[in-house]
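The chain contents come next:
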Amino acid sequence: MSTVAGAGAIGVAGCSSSDSDGTGSDGDSGGNSGGNSGGDSGGDSNDQGWPPSRSIIDVMVNTDPGGLIDILARIWFNEMEAQDAYPGDITTTVTNRPGAQGNVLMNELANNTPAGGGGLGAMRINSAIVNQIGSSQADFDLSDLRAVVRYSADTRAIQLNPRTTPVEDHFEFSWEDFQNLAQEQGIKFPYSNSAQLVFATYLRANDPVLNEDNWEFIGVSGGSAARAAVQRGDVDGYFGSYVSNISTRNDSYYTQFCMVNPEVTPDFYDQIKDVLPETSPTGSREEKTLGNNEQGIIMNTAFPEEAAAKVCQIVNDHHMAWLPADTSDEIYDIHAEAFGIAADSEAIAEEVANTFSAPDHNPLAGQPVQDVADAKFATLAEDDEVRTLIEENLF
């Protein structure tokens with residue numbers, strides 16, 4: 001069940017969506033469906049009355065059509081149409097605003113999107129926070145924006161390319177094997193957002209063997225570009241979203257190590273049994289993960305326990321949507337109620353499970369989402385070690 005705070009009972013009428021297919025596969029559907037841009041979708045003023053101007057609710061996402069957050073936003077809006085989640089005759093749209101690793105979207109949301117309830121912005125919170133800390137292009141303060149829905153929380157994994165490495169199965173390598181591979185041939189990994197680079201850099205910096213000379217990080221435009229580079233054999237692996245990549249992209253790369261925060265995903269091992277192929281006899285799921293205990297250690301290795309625990313804290317990520325800073329409580333509650341209806345939807349849970357996997361569906365709506373956002377900001381922005389790493393090494 002989702003948790004919705006601060007939202008009272010709201011009478012609803014019909015709403016419709018211009019994104020009927022829910023896939024985001026049409027290259028023009030996301031970019032054009034919201035009008036001129038996400039910044040215009042809220043109307044021409046900051047009027048806090050309902051419905052928003054033109055009765056349009058548009059969520060900007062920071063990926064091209066087909067990105068994970070793009071697909072999730074479309075799945076949710078389609079079901080919110082079916083359930084008449086919003087009061088009034090509302091049209092829902094998704095607008096693709098990629099660029100500058102999310103800064104284009106967040107700057108638009110913070111500075112140009114009216115607060116009448118018609119415009120939201122959605123992306124991974126880790127990337128948003130990292131950008132705010134270190135990017136000169138960032139012109140927003142995430143702590144001012146109002147987080148209203150978490151579509152999904154996930155973790156990350158180190159995945160190896162079977163085309164360029166000797167790996168042949170999931171969980172085949174030990175951490176020592178990974179270190180040896182780096183020393184023997186050198187390895188290259190793409191990263192598609194700044195948050196991936198944060199935990200990759202921290203992981204490498206705290207390992208006694210890995211360094212910039214034997215493990216190189218290469219920036220790419222997004223997850224699709226990373227997968228294409230893997231399939232071409234240009235790179236040796238990826239920092240993939242763990243569950244969804246395991247279930248739908250086994251032919252691209254093989255997972256070796258996943259970073260799990262047990263507090264966020266307490267049933268992780270039970271959940272992945274349904275989506276994982278048989279693992280190599282050389283190691284169990286538990287032995288090849290980073291964090292099946294409070295310390296979050298990499299099993300059977302010399303990786304520092306304290307550093308591994310912090311990796312687990314850093315890497316857990318959330319696909320969230322925010323409303324502009326000066327959105328009224330009344331408008332916030334309307335959105336919280338509507339997203340709460342969707343969060344409880346069995347149809348959405350089933351479609352996410354079919355598109356990705358069941359563990360990818362772990363939504364929240366309303367004040368609990370803001371609480372998660374505040375805690376995540378404290379983890380990344382208020383930890384001196386992590387903040388210094390971001391400021392000195394990433395930008």
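Just above, that's the structure.
Attention in this report is confined to the structure presented alongside it. (Residues numbered from 1 in each chain as written. Predicted model: local features only at pLDDT ≥ 70, side-chain atom pairs only at ≥ 80, totals over all residues. Heavy atoms only, no water.)

## Section: the packing of helix 4 (residues 125–134) against helix 14 (residues 384–394)
Between two packed helices, both the angle of their axes relative to each other and the distance between the axes serve to describe the pair.
Okay, step 1: The interhelical angle for the contact between helix 4 and helix 14, taken along N-to-C directions, is 65 degrees, at an axis separation of 9 Å. As the angle between them shows, helix 4 and helix 14 are arranged roughly perpendicular. Once helix 4 is placed against helix 14, the crossing between them reads as right-handed. Facing helix 4, whose interface residues are Val130, Ile133 and Gly134, helix 14 presents Arg387, Ile390, Glu391 and Leu394.
Okay, step 2: Looking at the contact of helix 4 with helix 14 residue by residue, the class counts come to four nonpolar, one polar and two charged. (Axes fitted to C-alpha atoms, helices over the stretch in contact; angles between N-to-C directions. Helix = DSSP H or I, 4+ residues; strand = E, 2+ residues; numbered from the N terminus. Parallel < 35°, antiparallel > 145°, perpendicular 65-115°, else oblique. Left-handed = near helix turned anticlockwise from the far one by under 90°. Contact = heavy atoms within 4.5 Å. Nonpolar A, V, L, I, M, F, W, Y, C, P; charged D, E, K, R; others polar.)

## Section: the side chain of His318
Okay, step 1: Looking at the secondary structure, you find His318 in strand 12 (residues 317–323).
Okay, step 2: On the accessibility criterion, His318 (4% relative accessible area) is buried.
Okay, step 3: Excluding anything up to four places from it in sequence, His318 contacts Met123, Arg124, Ile125, Arg150, Ser152, Ala153 and Val372. (Buried < 20%, exposed > 50% of the residue type's maximum accessible area, 1.4 Å probe, protein only.)

## Section: the packing of helix 4 against helix 13 (residues 367–381)
Okay, step 1: Taken N-terminus to C-terminus, the directions of helix 4 and helix 13 make an angle of 50 degrees; their axes are 10 Å apart at the nearest point. On the basis of their axis angle, the class for helix 4 and helix 13 is oblique. When the axes of helix 4 and helix 13 are compared, the crossing they make is right-handed. Counting all contacts with helix 4, which are made through Ile125, Asn126, Ile129, Val130, Gln132 and Ile133, the residues of helix 13 involved are Ala373, Lys376, Phe377, Leu380 and Ala381.
Okay, step 2: Considering only residue class, the contact of helix 4 with helix 13 consists of eight nonpolar, two polar and one charged.

## With respect to the nonpolar core
Okay, step 1: Among the nonpolar cores identified, the biggest contains 57 residues, and Met106, Leu142, Ile158, Phe178, Phe189, Trp215 and Trp322 are the most heavily contacted of them.
Okay, step 2: Residues in contact with Phe178, not counting those within four places in the same chain, are Ile158, Leu160, Phe173, Ile187, Phe189, Leu210, Trp215 and Phe257.
Okay, step 3: Formed by 33 residues, the second largest nonpolar core is a distinct cluster that contains Phe77, Ile90, Ala338 and Phe339. (Core = buried A, V, L, I, M, F, W, Y, C linked by side-chain atoms within 4.5 Å.)

## Observations concerning the environment of Ile390
Okay, step 1: Secondary-structure assignment places Ile390 in helix 14.
Okay, step 2: Its relative accessible area of 0% is what places Ile390 among the buried residues.

## Focus: the pattern of salt bridges
Okay, step 1: Taken as a whole and judged by the stated rule, the model has five salt bridges.
Okay, step 2: One salt bridge in this structure joins Arg74 and Asp70, with 3.0 Å as the shortest N-O distance. Placement of both Arg74 and Asp70 in helix 2 (residues 68–82) is noted, with a separation of four residues, approximately one turn of the helix. Pair check on accessibility: Arg74 and Asp70 agree, each one buried.
Okay, step 3: A salt bridge links Glu391 to Arg387; its shortest N-O distance comes to 3.0 Å. Here the residue Glu391 and the residue Arg387 both occupy positions in helix 14, the gap between them amounting to four residues, near one helical turn.
Okay, step 4: Using a relative accessible area of 40% as the deciding quantity, one classes Glu391 as partly exposed. (Salt bridge = Lys/Arg side-chain N within 4 Å of Asp/Glu carboxyl O.)

## Quick look at the packing of aromatic side chains
Okay, step 1: Taken as a whole and assessed by the stated rule, the structure comprises 15 aromatic pairs.
Okay, step 2: When the centroid spacing of 5.1 Å and the interplanar angle of 50 degrees are considered together, the rings of Phe189 and Phe239 count as tilted. A residue pair is termed long-range when its members are at least 10 positions apart, and Phe189 in strand 7 (residues 187–191) and Phe239 in strand 9 (residues 237–241) qualify at 50 residues. Each member of the pair, Phe189 as well as Phe239, is classed as buried.
Okay, step 3: With a relative accessible area of 0%, Phe239 lands in the buried category.
Okay, step 4: Grouping aromatic residues by their ring pairs yields a cluster made of Trp175, Phe178, Phe189, Phe199, Trp215, Phe217 and Phe239. (Phe/Tyr/Trp six-rings, centres within 6.5 Å; stacked < 30°, edge-to-face > 60°.)

## Some thoughts on unusual backbone geometry
Okay, step 1: In this structure, Pro51 follows Trp50 across a cis peptide bond, with omega equal to 5 degrees.
Okay, step 2: By secondary structure assignment, the location of Pro51 is in the loop between helix 1 (29–33) and strand 2 (56–61).
Okay, step 3: With phi around 55 degrees, Gln101 is a residue other than glycine that occupies positive phi space.
Okay, step 4: Here Gln101 is to be found in the loop between strand 3 (90–96) and helix 3 (103–111).

## Some remarks on the environment of Val167
Okay, step 1: Mapped onto the secondary structure, Val167 falls in the loop between strand 6 (156–160) and helix 5 (175–185).
Okay, step 2: Placed 86 residues apart in sequence, Val167 and Tyr253 show a C-alpha to C-alpha distance of 9.2 Å.
Okay, step 3: Other than its neighbours up to four places away in sequence, Val167 contacts Leu160, Asn161, Pro162, Glu172, Phe173, Tyr254 and Gln256.

## Topic: helix 5
Okay, step 1: Those residues of helix 5 not exposed but buried are Trp175, Phe178, Gln179, Leu181 and Ala182. In a view along the axis of helix 5, the buried residues occupy a sector of 160 degrees, so they form one face of it. Exposed residues lying more than 90 degrees from the buried face of helix 5 are Glu176, Gln183 and Glu184.
Okay, step 2: Those residues of helix 5 that are buried lie in contact with strand 6, strand 7, helix 6 (194–205), strand 8 (215–219) and strand 10 (254–259).
Okay, step 3: Gly186 sits one or two residues past helix 5 and shows a positive phi near 70 degrees. (Arc of directions from axis to C-beta.)

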